[in-house]
Amino acid sequence: MRRSMFLTLALTSLVLAPACGGKSSNQPPQEATKVQLAPNPANVFAKTPAPALTPVFKLAWSPYTSWSALASAEAFGYIDNREGWQGEFERVNGVDVVLQRLDYVPSFGVYGAGAVDALLITNTDAFAVAGERKKAKGDATVAVFPTSWSDGADKILVEDEIKTWADLNGVPVKGAELSVTQYLFWRANTLNGTQSQYGKTYLFENLDPVVGSPQFAGRQDPSFRAFGGWSPETFTVLDGRNGDENKDNDVIDLFNSASLQDYEITDMMVVGQSALDAPGGVAGVKALAEAMQAMTNRSKDPEEQSQTYRAISPNFNDLDNGAISRSMELTHMLGPNDAAIFDSDRFKANMPLVQEFSVIHKLVDNAEAVPMAWGTKQSASGALLRFDTSLVK
């Protein structure tokens, strides 16, 4: 079923221009970048036409706290999301970065089919996507830097008569199937001692959270009693149900990612190895790394925070500054300067859980189908999912 879904989604990607078409693989080695802003008191840069023959690097993204922040870097001229134009970090690195906005799950198929070079994704979905990329492109997938980690942003919201996890028995949770929300539900069963009933009486049903959040917020279906999702869709529910004086229609945050280990749900940028090997591949990573760090810095700077949130809003469901601030509290923004998280004992201990989830749910055939490792192309050549922060350290 998962493979069928990926193939269907991949077909939709054909409307996109092919990524990295015809690029040579004999790119000279480049040194790791130091992520910092160029001298500019206002931290706002001009956008200029890209010179002819500038290599293009394509990234697929979907609305989420840190990913919307990266997509909004063009508001300050750090990058320009359009093909044929450059922001400051594109000019410095000699690349033309193009951002393609998609809903989250469809973005898997676009990257998996090789229609883009890179993808913003959650670690919980990385094995399935890496497997599809290998089938379509013969390519390894490389995680190059984290963008954030979820500390309560991923939630299971329920009707207020469901007071405890035991009360959820027999009530299906609706959310994005075989993705981060189902991972959250799977882990919640383990932590609440109901793992043996997972998939039997503790049930999960597929529903696009973009579609499901207004349905649950509006109580359109009395049988719809539990919803799983992430920001901003969870805000749609919480604001719609708990944001008024009527307490009879409130929902309860029954379980969320704050109950998991630190970095268990980590958002990140992944790149196909063939894209890294091609002209513009390393440069594209560097430009996006610098833009990500700049936006992370701005989001944490009291003097720049308000302006930064306003810039993020159009790429994040037009949320106001208060809602974006709420989101930032639940999703800790990271950047390439935090890349050491990938190499931490905690993150490394979390990834086998993700691997187990992927095998149990048949996203990959077995643990050996998508080998995982930490290191460079040379030191971990057999890995199909590799964590390599050497370009941004």
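As shown above, the structure is provided for reference.
Because the structure is a prediction, the values reported are computed rather than measured.

Asker: Help me understand empty space enclosed by the protein in this model?
Answerer: Over the atoms rolls a probe the size of a water molecule, and its path tells where empty space is left. All chains considered together, the criterion is met by 1 cavity of 30 Å³ or more. Here the largest cavity is characterised by a volume of approximately 70 Å³.

Asker: Hey, could you run me through the packing of helix α4 (residues 104–112) against helix α5 (residues 126–137) in this one?
Answerer: Across the interface, α4 lies against α5 with an axial gap of 8 Å and an inter-helix angle of 30°. The residues of α5 that touch α4, namely those facing Phe108, Tyr111 and Gly112, are Val129, Glu132, Arg133 and Ala136. The residue inventory of the contact of α4 with α5, partitioned by class, reads 4 nonpolar, 1 polar and 2 charged.

Asker: Could you clarify how one ought to interpret the packing of helix α11 (residues 305–312) against helix α12 (residues 321–330) in this entry?
Answerer: In helix packing, the relevant descriptors are the interaxial angle and the interaxial distance, both defined with respect to the helix axes. Where α11 meets α12, the axes come as close as 9 Å, and the angle between the chain directions of the two elements is 100°. On the basis of their axis angle, the class for α11 and α12 is roughly perpendicular. Note on element contacts: α12 touches α11 through Asn321, Ile324, Ser325 and Met328, opposite Ser306, Tyr309, Arg310 and Ile312. When grouped by side-chain class, the residues that make up the contact of α11 with α12 number 4 nonpolar, 3 polar and 1 charged.

Asker: Is there a simple way to think about α12 in this case?
Answerer: Note on helix geometry: an α-helix contains 3.6 residues per turn, so any two residues three or four positions apart are oriented the same way. Of all the positions in α12, only Ala323, Ile324, Ser327, Met328 and Leu330 are classed as buried. Down the axis of α12, the smallest arc covering the buried residues is 160°, so these residues share one side. Of the residues that open α12, the one with a side-chain oxygen 3.2 Å from the backbone nitrogen of Gly322 is Asp320.

Asker: Any chance you could explain the side chain of Gln273 here in plain terms?
Answerer: With respect to the secondary-structure elements, Gln273 resides in helix α9 (residues 273–277). On the accessibility criterion, Gln273 (9% relative accessible area) is buried. A distance of 2.8 Å separates polar atoms of two side chains, one belonging to Gln273 and the other to Arg386.

Asker: Would you mind showing me how to read the side chain of Ser68 here?
Answerer: Mapping Ser68 onto the fold places it in helix α2 (residues 65–71). Here Asn315 takes part through its backbone oxygen, which lies 2.7 Å from a polar atom of the side chain of Ser68. Sequence-distant contacts of Ser68, that is, excluding residues within four places in its chain, are made with Trp61, Pro63, Ile312, Asn315 and Phe316.

Asker: Is there a simple way to explain the packing of aromatic side chains in this structure?
Answerer: A ring pair, where both rings are aromatic, is described by two values, the distance of the centres and the angle of the planes. Applying the stated criterion across every chain, the model contains 23 aromatic pairs. Here Trp165 and Tyr202 contribute two aromatic rings whose centre-to-centre distance is 5.8 Å and whose plane-to-plane angle is 5°, an arrangement assigned as stacked. Residue Trp165 is located in the loop between β7 (155–159) and β8 (173–175), and its partner Tyr202 is located in the loop between α6 (180–191) and β9 (204–206); the two are separated by 37 residues in the primary sequence. Its relative accessible area of 8% is what places Trp165 among the buried residues.

Asker: Could you clarify how one ought to interpret helix α8 (residues 233–242) in this entry?
Answerer: Those residues of α8 not exposed but buried are Glu233, Thr234, Phe235, Val237, Leu238 and Arg241. Where α8 is buried, its residues touch β7, α7 (209–217), β10 (226–229), β11 (251–256) and α12.

Asker: Quick question: what am I supposed to make of unusual backbone geometry here?
Answerer: Glycine aside, residues mostly have negative phi, and peptide bonds are mostly found in the trans state. Cis geometry is found at the peptide bond from Ser231 to Pro232, where omega equals 10°. Tracing the backbone shows Pro232 in the loop between β10 and α8. Its identity as a non-glycine residue notwithstanding, Asp318 has a phi of 55°, on the positive side. Among the structural elements, Asp318 can be located in the loop between α11 and α12.

Asker: How should the pattern of salt bridges be read in this particular structure?
Answerer: Between side chains of opposite charge, a pair can form as their charged atoms come close. Per the counting criterion, the structure on display carries 15 salt bridges. Glu132 is the salt-bridge partner of Lys135, the closest N and O atoms lying 3.6 Å from each other. Taken as a pair, Lys135 and Glu132 lie in helix α5 at a separation of 3 residues, close to a single helical turn. Residue classification places Lys135 among the exposed positions, given a relative accessible area of 52%. Glu132 sits in the buried class, given a relative accessible area of 8%. Close ionic contact of Glu304 with Arg298 constitutes a salt bridge, the shortest N to O distance being 3.7 Å. For the pair Glu304 and Arg298, a shared accessibility class is recorded, and that class is buried. One salt-bridge network, held together by shared partners, links Glu159, Arg219 and Arg241.

Asker: Mind showing me how you'd approach the environment of Ala153 here?
Answerer: Along the chain, Ala153 falls in the loop between β6 (141–150) and β7. For the pair Ala153 and Tyr64, spaced 89 residues apart in sequence, the C-alpha separation works out to 10.0 Å. If we ignore the near neighbours within four places in the chain, the residues touching Ala153 are Tyr64, Gly229, Trp230, Ser231, Thr234, Ser257, Leu330 and Thr331.

Asker: Which parts of the structure should I look at to understand the environment of Lys377?
Answerer: For Lys377, the position within the fold is in the loop between β14 (372–374) and β15 (385–387). Lys377 sits in the partly exposed class, given a relative accessible area of 37%. When the C-alpha positions of Lys377 and Asp388 are compared, they lie 8.3 Å apart, and in sequence the two are 11 residues distant. Excluding anything up to four places from it in sequence, Lys377 contacts Gln273, Asp277, Arg386 and Asp388. In terms of polar contacts, Lys377 uses its side chain to reach the side chain of Asp277, at 2.9 Å.

Asker: Any chance you could explain the pairing of β7 here in plain terms?
Answerer: For a regular strand, the rule is simple: side chains alternate between the two faces of the sheet. Among the 5 residues that make up β7, 5 are buried, leaving the element largely enclosed by the rest of the structure. Direction of pairing for β7 relative to β11: antiparallel, over a ladder of 5 bridges. Within β11, the position partnered with Glu159 by the bridge is Val251.

Thresholds, definitions, all that
- Residues numbered from 1 in each chain as written.
- Predicted model: local features only at pLDDT ≥ 70, side-chain atom pairs only at ≥ 80, totals over all residues.
- Heavy atoms only, no water.
- 1 Å grid on protein atoms, 1.4 Å probe; cavity = no way out; pocket = protein on both sides within 12 Å on 5 of 7 lines; lining within 4 Å.
- Points joined across faces, edges and corners; volume = space filled by probe spheres on them.
- Axes fitted to C-alpha atoms, helices over the stretch in contact; angles between N-to-C directions.
- Helix = DSSP H or I, 4+ residues; strand = E, 2+ residues; numbered from the N terminus.
- Contact = heavy atoms within 4.5 Å.
- Nonpolar A, V, L, I, M, F, W, Y, C, P; charged D, E, K, R; others polar.
- Parallel < 35°, antiparallel > 145°, perpendicular 65-115°, else oblique.
- Buried < 20%, exposed > 50% of the residue type's maximum accessible area, 1.4 Å probe, protein only.
- Arc of directions from axis to C-beta.
- Polar contact = N/O pair within 3.5 Å; in protein donor to acceptor, adjacent residues only side chain to side chain.
- Phe/Tyr/Trp six-rings, centres within 6.5 Å; stacked < 30°, edge-to-face > 60°.
- Salt bridge = Lys/Arg side-chain N within 4 Å of Asp/Glu carboxyl O.
- Pairing = 2+ DSSP bridges.

So, to be careful, I would describe these as geometric facts and stop short of saying anything about function.
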